[in-house]
Amino acid sequence: MTMASHTETKVYSVDEITTHIKNLLEKDVNLQNVFVKGEVSNFRNSDSGHIYFSLKDETSIIECAMFRRANRSLEFIPENGIKIILKGSVDLYKPRGKYQLIVEELHLTGDGELYLKFLKLKSKLEKEGLFKESHKKLLPKYPKSIGIVTSPQGAVVHDIIKVVKRRYSHVRIVIYPSLVQGDKAKYDLVRGIEVLNNLNFEVIILARGGGSFEEIWPFNEEIVARAIYNSKAPVVSAIGHETDFTIADFVADKRAPTPSVAAEIIVPDEKEILKEIIHLEKRLYKQTQQIFEIKKQTIWHLMSRPIIKKPWTVINTYKQKLDEETNQLRQATTVWIKAITEELKGMNGRLNALSPYAVLDRGYSITMKKEKIISDIKDINIGDDIYTIIKSGKIKSEVQSKNGE
Amino acid sequence: MENKSFEGAQKRIEEIIEDLEEGNLPLRESIDRFKEAAELLKFCDKELKEVEMSIQKIVDKDGKIKFEEFE
């Protein structure tokens, strides 16, 4: 494409002018395969696998596209706010008339690099189980000793002490002075946790005030994470601001959003405990008194029963009853004997009426042979001795003759 | 109860009170429980007040641990 001469006015199509600009950009070596640093913003994925974002600094912004082919080898997913260096070329996207950087490589810088390290260690330790809820130790309810690993300077340690003092006056606080930033800080932190464990502290606070990601970095070190994990005493982390999360926070048995809150979590309110104890004491006394009261009443009740109160009255009553019953029994027996006697008499009369002797009274007689009453003529023979019994005696005779069949 | 702790003692006192509240215990046993709880209460009180507030810092030098008053 050649530019028009001043003698002849040429009219371009949109595409012609756009293509011209595109060519200009692509020919400029300063715009091809260059390194650009900035902060990622407006990051977005697409279904096609390409990623898009803006790269910005304090005053400018440039759109970036990283195609799937290039971003496949990325070892992290960029996020808004991270600082990067990228290698790419400026290109013009004709359908939108938009220039953009086509990104070939993408590297984290400064905090960005640390952030990647943080993510890698976090996922490694998580896989290893260092963050497991089941491994987390319970905090003592009423600790007698608290160890604090922190900087002896600054507000943090004083904030903690102030809160503890306000709530609970019977505790020993020991500070293990430690560096809390810089390369050597991690060794102090690890040593502090070990020393306080050896001294059998009941709970350990790991604390630091707010700072940049780089400044709080020691709390993202692996050896610190492992020292927390291996601590016998429960560890409470209170690092940076509420929004800062470090590896130490994930491993700690309890994370406190701020150092003051750490103190509140660890130390109970003494007034509350005393109230609880007094309440228990009251309940115990009241309950025991009540039991005595009930038992006493049971005894009183028993005591008021007549057998205890006036035993003789009761005994006399029984005696009297016994007498009465004896009398009744005696009377009943007499009546019974009389009745029996009467009945016997009656029976005698009736027996008499049936007796053969009663017949003799009326002038009849009974004839017997030996001891047997003769009732059949066949029973006797001529010459037998027979006896006749009459009312007043007995006659012996000899049978001279007999008649009848 | 060996090696008793404040928490353990408190829990035991609560148990005892609940037993007493149920009211099924023989008198002798009630009295024994009451005595036990009263002892534990004394223990809790002592335990609470046993430690005096102190604030120190560790000096960890040449492998030796020393304590110093803090501030």
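Residues numbered from 1 in each chain as written. Chains lettered and ligands numbered in written order. Predicted model: local features only at pLDDT ≥ 70, side-chain atom pairs only at ≥ 80, totals over all residues. Heavy atoms only, no water.

Enquirer: Now, about the interface of chain B and chain A: what can you tell me, with residues and values included?
Expert: The interface of chain B with chain A comprises 37 residues on the first partner and 38 residues on the second. For the pair chain B and chain A, the two sides together bury roughly 3500 Å², of which 70% comes from carbon and sulfur. Broken down residue by residue, the surface that chain B buries against chain A is led by Leu48, Met53 and Ile58 of chain B, which jointly contribute 18%. For the pair chain B and chain A, the interface holds three salt bridges. Notably, a salt bridge pairs Asp60 of chain B with Arg191 of chain A, separated by 2.6 Å at the nearest N-O pair. Across the contact surface, chain B and chain A share 15 residue pairs in polar contact (both at pLDDT 80 or more). Of all elements in the fold, only helix H1 (6–22), helix H2 (27–50), strand E1 (54–61) and strand E2 (64–69) of chain B reach the threshold of two or more residues within the side of chain B that touches chain A. With 13 residues, the single largest contributor to the side of chain B that touches chain A is H2 of chain B. Partitioning the side of chain B that touches chain A into residue classes produces 21 nonpolar, four polar and 12 charged. Pairing geometry for strand E7 (residues 172–177) of chain A and E1 of chain B, over four bridges, is parallel. Note on E1 of chain B: the bridge partner recorded for Ile173 of chain A is Ile55 of chain B. (Contact = heavy atoms within 4.5 Å. Buried area = accessible area lost by both parts, 1.4 Å probe. Salt bridge = Lys/Arg side-chain N within 4 Å of Asp/Glu carboxyl O. Polar contact = N/O pair within 3.5 Å; in protein donor to acceptor, adjacent residues only side chain to side chain. Helix = DSSP H or I, 4+ residues; strand = E, 2+ residues; numbered from the N terminus. Nonpolar A, V, L, I, M, F, W, Y, C, P; charged D, E, K, R; others polar. Pairing = 2+ DSSP bridges.)

Enquirer: If you had to explain the side chain of His170 of chain A to someone new, which residues and values would you point to?
Expert: Structurally, the position occupied by His170 of chain A is in the loop between helix H4 (155–167) and E7. Given the relative accessible area of 10%, His170 of chain A is considered buried. Separated by 3.2 Å, the side chains of His170 of chain A and Glu270 of chain A make a polar contact. Ignoring sequence-local partners within four residues, the contact set of His170 of chain A consists of Pro143, Lys144 and Glu270 of chain A together with Leu48, Lys49, Val51, Glu52 and Met53 of chain B. (Buried < 20%, exposed > 50% of the residue type's maximum accessible area, 1.4 Å probe, protein only.)

Enquirer: So what's going on with the packing of aromatic side chains? Which residues, and what values?
Expert: All names here are of chain A. Counted by the stated rule, this structure contains seven aromatic pairs over all chains. Here Phe213 and Trp217 contribute two aromatic rings whose centre-to-centre distance is 5.9 Å and whose plane-to-plane angle is 65 degrees, an arrangement assigned as edge-to-face. Over the aromatic face of Phe245 sits the side chain of Arg255, whose NZ or CZ is 3.8 Å from the ring centroid. (Phe/Tyr/Trp six-rings, centres within 6.5 Å; stacked < 30°, edge-to-face > 60°. Lys NZ or Arg CZ within 6 Å of the ring centre and 35° of its normal.)

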